Amino acid sequence: MDQPKPYRELPTRLSHGCFGCGSENPHGLRMIFHTDEKSVFSEIVIPDHMVGWKNFAHGGILSTILDEIMGWSAIYLTKNLVLTKSIAVDFLRPVPVGTTLRAEGRISKVRSDREVAMEGFLLNSNGIVHARGKGVFALFKIDAAMKFGIADEKELRELERVFNL
Ligand SMILES: CCCCC/C=C\C/C=C\C/C=C\C/C=C\CCCC(=O)SCCNC(=O)CCNC(=O)[C@H](O)C(C)(C)COP(=O)(O)OP(=O)(O)OC[C@H]1O[C@@H](n2cnc3c(N)ncnc32)[C@H](O)[C@@H]1OP(=O)(O)O
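Note that this is a predicted model, so its numbers are computed, not measured.

Novice: What's the story with the nonpolar core in this structure? I'm lost.
Specialist: A general tendency of soluble globular proteins is for nonpolar side chains to be buried together. In this structure, Phe-33, Ile-46, Ile-65 and Leu-122 are the most contacted members of the largest nonpolar core, which totals 40 residues. Elements that contribute at least two residues to this core include exactly strand E3 (40-45), helix H1 (59-78), strand E4 (81-91), strand E5 (100-112), strand E6 (115-123), strand E7 (129-140), helix H2 (142-148) and helix H3 (153-163). Looking at this core element by element, the count peaks at 10 residues for H1. In this view, Phe-33 contacts Arg-8, Glu-9, Leu-10, Thr-12, Cys-21, Val-40, Phe-41, Ser-42, Glu-68, Ile-69 and Trp-72; residues no more than four positions away in its chain are not counted.

Written out as structure tokens, the structure is:
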């Protein structure tokens, strides 16, 4: 008999144009996320058109992936909406385009009810870390997010519902 999977997909397939995770952005990364409740992770193949010069992925794309995985990890694990305040990335090994990678994000430290420090990793299929990131994310309750006007009320209510924010 099949064992139940010890992880589940995050309900992030909402229709929007985010470069990192939007299903409506044909030029984006279209990342899909899973969680084991302690971390959030995503399998991704960087397409050829996101190459740096040739063969290897552009560092800006790697930074985007780390921002995205840390951002969704922060949303899911802290139950807040987020804006990235800062990120720092260490590029440890070149990342070939067209290979399967795993991005992982987790909480480093909840600094207050308005700020969390996160860390993110980009690994190859053998578990070798090719890039790692640290990020600080501002945390927003729904009402505060509404005031900032980044998403409309309908979208924010949808996020509130699917993520139990
Ligand atoms: C805003 C809510 C976010 C809504 C997001 C909605 C949908 C998104 C859903 C999902 C996101 C998807 C994926 C996540 C994955 C990937 C991450 C990618 C994310 C990004 O790619 S994101 C783009 C890059 N990143 C930015 O674009 C940030 C630009 N940077 C700023 O926008 C500011 O730097 C800020 C706001 C961080 C700090 O601003 P600051 O330093 O000026 O703050 P300060 O303390 O001076 O406060 C001034 C007034 O803001 C209020 N305030 C401040 N912080 C608050 C908090 N946490 N909660 C409630 N209220 C807050 C105070 O109460 C005061 O209000 P008042 O004036 O009324 O007193």
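Novice: Whenever I open this one, the environment of Ile-87 confuses me. Can you help?
Specialist: For Ile-87, the position within the fold is in strand E4. Taking the C-alpha atoms as reference, Ile-87 lies 21 Å from Phe-148; in sequence the two are 61 residues apart. In this structure, Ile-87 is in contact with Ser-63, Asp-67, Met-70, Lys-134 and Gly-135, ignoring residues within four places of it in sequence.

Novice: Explanation requested: the pairing of E7 in the structure shown.
Specialist: Residues in a regular strand point their side chains to alternate faces of the sheet. Across the 12 residues that make up E7, a large majority, nine, are buried. Where E4 lies against E7, 10 bridges are found, and the strand directions are antiparallel. Across the sheet, Val-82 pairs through a bridge with Leu-139, a residue of E7. Summarising the sheet, E6 and E7 pair through nine bridges and their orientation is antiparallel. Bridging from a neighbouring strand, Leu-122 pairs with Ala-131 of E7.

Procedures and definitions
Residues numbered from 1 in each chain as written. Predicted model: local features only at pLDDT ≥ 70, side-chain atom pairs only at ≥ 80, totals over all residues. Heavy atoms only, no water. Core = buried A, V, L, I, M, F, W, Y, C linked by side-chain atoms within 4.5 Å. Buried < 20%, exposed > 50% of the residue type's maximum accessible area, 1.4 Å probe, protein only. Helix = DSSP H or I, 4+ residues; strand = E, 2+ residues; numbered from the N terminus. Contact = heavy atoms within 4.5 Å. Pairing = 2+ DSSP bridges.

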